[in-house]
Amino acid sequence: MNQKLKEKTIESLTAVLPITGIVILLCVTITPLPLAPLMLFLAGAALLIIGMGIFTLGVDMAMMPIGEYVGNKIAQSRYLIIIVLGCFLIGTIVTVAEPDLQVLASQTPAVPDLILILSVAMGVGAFLVVAFLRSLFGWQIKNILLICYALLFVLAFFIPKEFLAVAFDSGGVTTGPITVPFIMALGTGLSSIGKGEDNDSNSFGLLALCSIGPIISVMILGTLYSSSAGSYVPFTIPSIETTRELSATFAQKLPVYAKEVFTALLPIVLFFFVFQIFWLKINKRKIIKILVGIVYSFVGLTLFLTGVNVGFMPAGKYIGQELASLPYNWVMIPISMVIGYYIVKAEPAVQVLNKQVEEVTGGAISEHTMMRGLSIGMALSLALSIMRVFYGIPLLAFLLPGYAIALGLSFVVPPIFTSIAFDSGGVASGTMTAAFLLPLAMGACEVTGGNILTDAFGIIAMVAMAPLIIIQMIGLLYQWKTRHVISDEVMVIDEDEIIELVQEA
């Protein structure tokens, strides 16, 4: 156990050091930080490293096994209505207390927090049912995505512009560190019920579909509530002069995030024990291991969220303000690309997805390939997002052509790449995006005099869009390689043969 924890901590250290180094480099060059946000950032980075290491170990021990056990048991049921209700209940329960969703609710104008949280959670539950039915009946994910996004963009022209960015951002924040590992493992269990031969592809795509529900929910709420009833309330950077005040700042927030994480994990734990008592009946040794993993998940995610929200938010906002204030503020665009390239590696859910992809595809799509693709996608999306802030470009000007390209690619790449790509979009736009990149854009937006709700918000949606294109482009490359291998023969190959040929190549 200690060896595994050491390995996970080293992995998180490797992931967090680059973004920490970039911020420190900026501090001593073009954007000098006051000591208060710098001390908060460095202490937050330390908590982030420790927390992510502990949390990822907890995910391996508890969250993934729970999801697989529940998914396998649901797949064995003979009654469709029970399976549908189970999927809806799971999706709603897992989402309703997602920590990132609480942040989204507090920033959405006019809509009461509880109404938005319940609406978004039920949206995830409904689309988890769609994901199950897709596995059961062998529906093509590209057709489902085409219909759903066509509906989204039609709705986009009828809602207030203040809701548009928040709506698309909601699709990213609801697939956070709690939701991702559980739903992905659930997908692995449910994939065994598929009618088609595409079981590897059926293991993915749940996150992609579950990301659509929140967007539709917020858009519908946008047509029911007046956007003039609320506005974004900016946060302030705390004043810190001594190490005692620094410790007190983190100590004050630690119980807050511990409560959020406890609230998020409790429904999953209770749901699992109900399954255990009535259906699973797994042995005592496995139960103990899962309980230990839940404790690891609780401690790790609490430290992670405390470090990110308390330490990274002030630094992100201040750096955004300073970069946008420079006479040569165009430099913020390439700097944001570098930040985006490295910061995605510090997302816990990204680590979970990349590992799952490599395992399910038998190494045909490696963790390294996935990370490189996500990093490139993040870099491009950050550059476009800062351009939006500087020049006031409407969000739809990027989302419409971006999703058109992504959906078009889904008809020419193997289905497994489409499923993974759309899953990656939700995973990449996680806690680090909400806690560092969004404040970065907000800081720049305040300096340039833009509208926070229409110009700064939307960065999560941009981050979620880029991997859809990049990962599918990787799919095209793999497809070309496999065709090159068999170029001298005329034959038809299925998904499993593609993976096998790539491994051999």
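Remember, predicted model here, so these are calculated numbers, not experimental data.

Trainee: What's the story with the overall build of the protein chain in this structure? I'm lost.
Mentor: Of regular secondary structure, the protein chain possesses 22 helices and zero strands. Sequence-distant contacts in the protein chain: of pairs separated by 6 or more residues, those separated by 24 or more amount to 86%. Carbon and sulfur atoms make up 66% of the accessible area of the protein chain, which totals about 19,800 Å².

Trainee: Help me understand the side chain of Ser12, please; the structure alone is not making it clear to me.
Mentor: Within the fold, Ser12 resides in helix α1 (residues 2-27). What Ser12 contacts, discounting residues up to four positions off in sequence, is Ile49, Met52 and Gly53.

Trainee: Explain helix α5 (residues 113-137) to me, please; I cannot follow it from the model alone.
Mentor: For the α-helix, the turn length of 3.6 residues means that residues three or four positions removed from each other point alike. Across its 25 residues, α5 extends 36 Å between first and last C-alpha, which sits within 8% of the 36 Å expected from 1.5 Å per residue. Gly138, located one to two residues past α5, shows a positive phi value of around 70 degrees.

Trainee: Looking at this model, I keep getting lost on the packing of helix α15 (residues 348-360) against helix α18 (residues 415-428). Mind explaining?
Mentor: Angle between the axes and distance between the axes are the two parameters that describe a pair of packed helices. The N-to-C vectors of α15 and α18 enclose an angle of 160 degrees; their axes lie 9 Å apart at closest approach. Here α15 lies roughly antiparallel to α18, going by the angle between them. Where α15 crosses over α18, the handedness of that crossing is right-handed. The residues of α18 that touch α15, namely those facing Ala349, Val350, Leu353 and Val357, are Ile420, Asp423, Ser424, Val427 and Ala428. Broken down by class, the residue content of the contact of α15 with α18 amounts to seven nonpolar, one polar and one charged.

Trainee: Is there a simple way to think about the nonpolar core in this case?
Mentor: Ile90, Tyr149, Ile212, Met219, Leu399 and Phe436 are the most contacted members of the largest nonpolar core, which has 172 residues in total. Among the elements that line this core, the one with the most residues is helix α2 (residues 35-75), at 16 residues. Beyond its immediate sequence surroundings of up to four residues, Leu399 is in contact with Phe153, Phe168, Ala461, Met462 and Met465. Residues Ile54, Leu57, Met61 and Tyr296 belong to the second largest nonpolar core, which totals five residues.

Trainee: It is not clear to me how unusual backbone geometry should be interpreted in this structure. Could you clarify?
Mentor: Only a minority of non-glycine residues have a phi that is not negative, and only a minority of peptide bonds are not trans. Within the chain, Lys281 stands out as a residue other than glycine whose phi angle is a positive 60 degrees. Note that Lys281 resides in the loop between α12 (243-280) and α13 (284-325).

Trainee: For this particular structure, what's the right way to read helix α3 (residues 80-96)?
Mentor: A rise of 1.5 Å per residue sets the reference length of α3, with its 17 residues, at 24 Å; its end C-alpha atoms lie 24 Å apart and thus fit the reference within 8%. Those residues of α3 lying buried are Ile83, Gly86, Cys87, Ile90, Gly91, Thr92, Val94 and Thr95.

Trainee: Which parts of the structure should I look at to understand the state of the cysteines?
Mentor: Among covalent bonds in proteins, the disulfide is the one between the sulfur atoms of two cysteines. Tallying each qualifying case throughout the model produces zero disulfides. There is no disulfide at Cys87, and the cysteine sulfur nearest it, in Cys210, is 9.3 Å away.

Trainee: Can you help me understand the packing of aromatic side chains in this one?
Mentor: Any two aromatic rings considered together are summarised by their centre-to-centre distance and by the angle between their planes. Tallied over the entire structure, the rule returns 13 aromatic pairs. Here Phe278 and Trp279 contribute two aromatic rings whose centre-to-centre distance is 5.9 Å and whose plane-to-plane angle is 55 degrees, an arrangement assigned as tilted. Relative accessible area serves as the criterion here: at 57%, Phe278 is assigned to the exposed category. For Trp279, a relative accessible area of 45% translates into the label partly exposed.

Trainee: Would you explain the side chain of Gln472 in this entry?
Mentor: Take Gln472: it is sitting in helix α21 (residues 459-485). Judged by its relative accessible area of 0%, Gln472 falls in the buried class. At a separation of 3.0 Å, a polar atom in the side chain of Gln472 contacts the side chain of Thr418. Excluding residues that lie within four positions of it along the chain, Gln472 makes contacts with Ala406, Leu409, Ser410, Val413, Phe417, Thr418, Ala421, Phe422 and Pro467.

Trainee: How do you make sense of empty space enclosed by the protein when you look at a structure like this?
Mentor: It is the rolling of a water-molecule-sized probe over the atoms that shows where space remains empty. Under the criterion given, the structure shown has two cavities of 30 Å³ or more. In this model, the largest cavity occupies a volume close to 110 Å³. Among the secondary structure elements, those contributing two or more residues to the lining of the largest cavity are α7 (161-173), α18 and α21. Its residues assigned to classes, the lining of the largest cavity shows nine nonpolar, five polar and no charged.

Rules and cut-offs
Residues numbered from 1 in each chain as written. Predicted model: local features only at pLDDT ≥ 70, side-chain atom pairs only at ≥ 80, totals over all residues. Heavy atoms only, no water. Helix = DSSP H or I, 4+ residues; strand = E, 2+ residues; numbered from the N terminus. Contact = heavy atoms within 4.5 Å. Areas by Shrake-Rupley, 256 points an atom, 1.4 Å probe, with all protein chains shown as cover. Expected span 1.5 Å × (residues − 1). Axes fitted to C-alpha atoms, helices over the stretch in contact; angles between N-to-C directions. Parallel < 35°, antiparallel > 145°, perpendicular 65-115°, else oblique. Left-handed = near helix turned anticlockwise from the far one by under 90°. Nonpolar A, V, L, I, M, F, W, Y, C, P; charged D, E, K, R; others polar. Core = buried A, V, L, I, M, F, W, Y, C linked by side-chain atoms within 4.5 Å. Buried < 20%, exposed > 50% of the residue type's maximum accessible area, 1.4 Å probe, protein only. Disulfide = S-S within 2.5 Å. Phe/Tyr/Trp six-rings, centres within 6.5 Å; stacked < 30°, edge-to-face > 60°. Polar contact = N/O pair within 3.5 Å; in protein donor to acceptor, adjacent residues only side chain to side chain. 1 Å grid on protein atoms, 1.4 Å probe; cavity = no way out; pocket = protein on both sides within 12 Å on 5 of 7 lines; lining within 4 Å. Points joined across faces, edges and corners; volume = space filled by probe spheres on them.

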